[in-house]
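Listed here are the chains, written in short residue letters.
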Amino acid sequence: MHYYEQFFDVDTNEVFRRCVAALYPRTNFLDVLEGNADLYGPIWIATTVVVILFLTGTISQWLSNNDDKHFEYDFTLLSGAAGLIYGYTGILPIALWGALRWFGSSTADLIECWALYGYSNLVWIGVALVSWSPLTALNWALVGVGFAWTVFFLLRNLYPVLNATDAKASKILLILVVVLHAGLAIAIKVLFFA
């Protein structure tokens, strides 16, 4: 237990400061972490995204329910949101960290990768809160803005770490980060706000 305690050793003010730095990325997020990456913020942000995606996805389905039948909740949305967000936030940073280590980046840290991806999910809370409208074009635009904001945050902070590898591997990893993040954005739109 003592070993894991170090990854949750942050107070509310520090998590709030990191959330603001994730939403308004003026400086490199890894500098904001100051060598003390946490898992507390990323776990709770991912959990909040899961709950809000379920709630707003349910509202979106209810609004599009045009027939007179009784509306039934679709709890597969909850498990789908959990699988999508926890999988993306938990597994993808492990794969990225492994690829960075494979290609010789000595600056790659797994906890920092988890923190980076976890705090980047903060934007999806706002997107989910406004994307439940029945206007499909508006929902696509909002998800597109969320994608652009989060991919900018990720690329801005991953670029120095990816640059520590050779040029070809760096380009491939950058493209892979963008493509996988686009997959997340499309999955959020299609699964929850169709």
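It should be noted that the structure appears before, not after, this text.
The notes below deal with the structure included here. (Residues numbered from 1 in each chain as written. Predicted model: local features only at pLDDT ≥ 70, side-chain atom pairs only at ≥ 80, totals over all residues. Heavy atoms only, no water.)

## Regarding the overall build of the chain
Item 1. For the chain, the helix and strand inventory stands at 9 helices and 0 strands.
Item 2. In the chain, the order of α-helices and β-strands from amino to carboxyl end is α-α-α-α-α-α-α-α-α.
Item 3. Relative to a compact globule of 194 residues, whose C-alpha radius of gyration would be 16 Å, the chain shows 18 Å and is just as compact.
Item 4. Structurally, the chain occupies a C-alpha span of about 60 × 40 × 30 Å along its principal axes.
Item 5. Of the contacts formed within the chain by residues at least 6 apart in sequence, a portion of 75% connects residues at least 24 apart. (Helix = DSSP H or I, 4+ residues; strand = E, 2+ residues; numbered from the N terminus. Rg over C-alpha atoms; globule rule 2.2 N^0.38 Å. Contact = heavy atoms within 4.5 Å.)

## Some remarks on the layout of surface pockets
Gaps left between atoms are located by rolling a probe of water-molecule size over the structure's atoms.
Item 1. Estimates place the volume of the largest pocket at around 150 Å³.
Item 2. Taken together, the elements giving at least two residues each to the lining of the largest pocket come down to helix 4 (40–64) and helix 5 (76–102). (1 Å grid on protein atoms, 1.4 Å probe; cavity = no way out; pocket = protein on both sides within 12 Å on 5 of 7 lines; lining within 4 Å. Points joined across faces, edges and corners; volume = space filled by probe spheres on them.)

## Description of the packing of aromatic side chains
Item 1. Tallied over the full model, the rule gives 6 aromatic pairs.
Item 2. When the ring of Phe192 is compared with that of Phe193, the centres are 6.5 Å apart and the planes differ by 55°; the resulting orientation is tilted.
Item 3. In this structure Phe192 comes out as buried when scored by relative accessible area, which is 3%. (Phe/Tyr/Trp six-rings, centres within 6.5 Å; stacked < 30°, edge-to-face > 60°. Buried < 20%, exposed > 50% of the residue type's maximum accessible area, 1.4 Å probe, protein only.)

## Quick word on the nonpolar core
Item 1. In terms of nonpolar packing, the biggest core is built from 54 residues, with Phe29 and Leu53 touching the most fellow members.
Item 2. Mapped onto this core, the elements with two or more residues apiece are helix 2 (12–23), helix 3 (29–33), helix 4, helix 5, helix 6 (110–120), helix 7 (122–130), helix 8 (136–162) and helix 9 (167–192).
Item 3. Sorting elements by how many residues they give to this core places helix 5 first, with 8 residues.
Item 4. Apart from the residues within four sequence positions on either side, Phe29 is in contact with Arg18, Ala21, Ala22, Ala115, Leu116, Tyr119, Phe153 and Asn157. (Core = buried A, V, L, I, M, F, W, Y, C linked by side-chain atoms within 4.5 Å.)

## Observations concerning empty space enclosed by the protein
Item 1. In the structure shown here, the tally under the stated rule is 1 cavity of 30 Å³ or more.
Item 2. Lining the largest cavity, in full, are Leu30, Leu100, Thr107, Ala108, Asp109, Glu112, Cys113, Leu116, Leu158 and Val161.
Item 3. Broken down by element, the lining of the largest cavity gets its largest block of residues, 3 residues, from helix 6.
Item 4. Split by residue class, the lining of the largest cavity holds 7 nonpolar, 1 polar and 2 charged. (Nonpolar A, V, L, I, M, F, W, Y, C, P; charged D, E, K, R; others polar.)

## Points about a nonpolar patch on the surface
Item 1. Residues Tyr3, Tyr4, Phe8, Tyr40, Ile43 and Trp44 make up a contiguous nonpolar surface patch of about 680 Å² in total accessible area.
Item 2. For the nonpolar patch, the secondary structure elements donating two or more residues are helix 1 (2–5) and helix 4.
Item 3. When residues in the nonpolar patch are grouped by element, the largest group, 3 residues, is from helix 4.
Item 4. Of note, Trp44 is situated in helix 4. (Patch = residues over 30% accessible without salt bridge, like charges linked within 9 Å, V, L, I, M, F, W, Y side chains within 5 Å. Areas by Shrake-Rupley, 256 points an atom, 1.4 Å probe, with all protein chains shown as cover. Salt bridge = Lys/Arg side-chain N within 4 Å of Asp/Glu carboxyl O.)

## A few points about the pattern of salt bridges
Item 1. Taken as a whole and judged by the stated rule, the model has 4 salt bridges.
Item 2. Here Glu14 and Arg17 are joined by a salt bridge, their closest N and O atoms 2.6 Å apart. Taken together, the residues span about one helical turn, with Glu14 and Arg17 both in helix 2 at a distance of 3 residues.
Item 3. With a relative accessible area of 17%, Glu14 lands in the buried category.
Item 4. Judged by relative accessible area, Arg17 falls into the partly exposed class, the value being 33%.
Item 5. In this structure, Asp38 engages Arg18 in a salt bridge whose closest nitrogen and oxygen atoms are separated by 2.5 Å.

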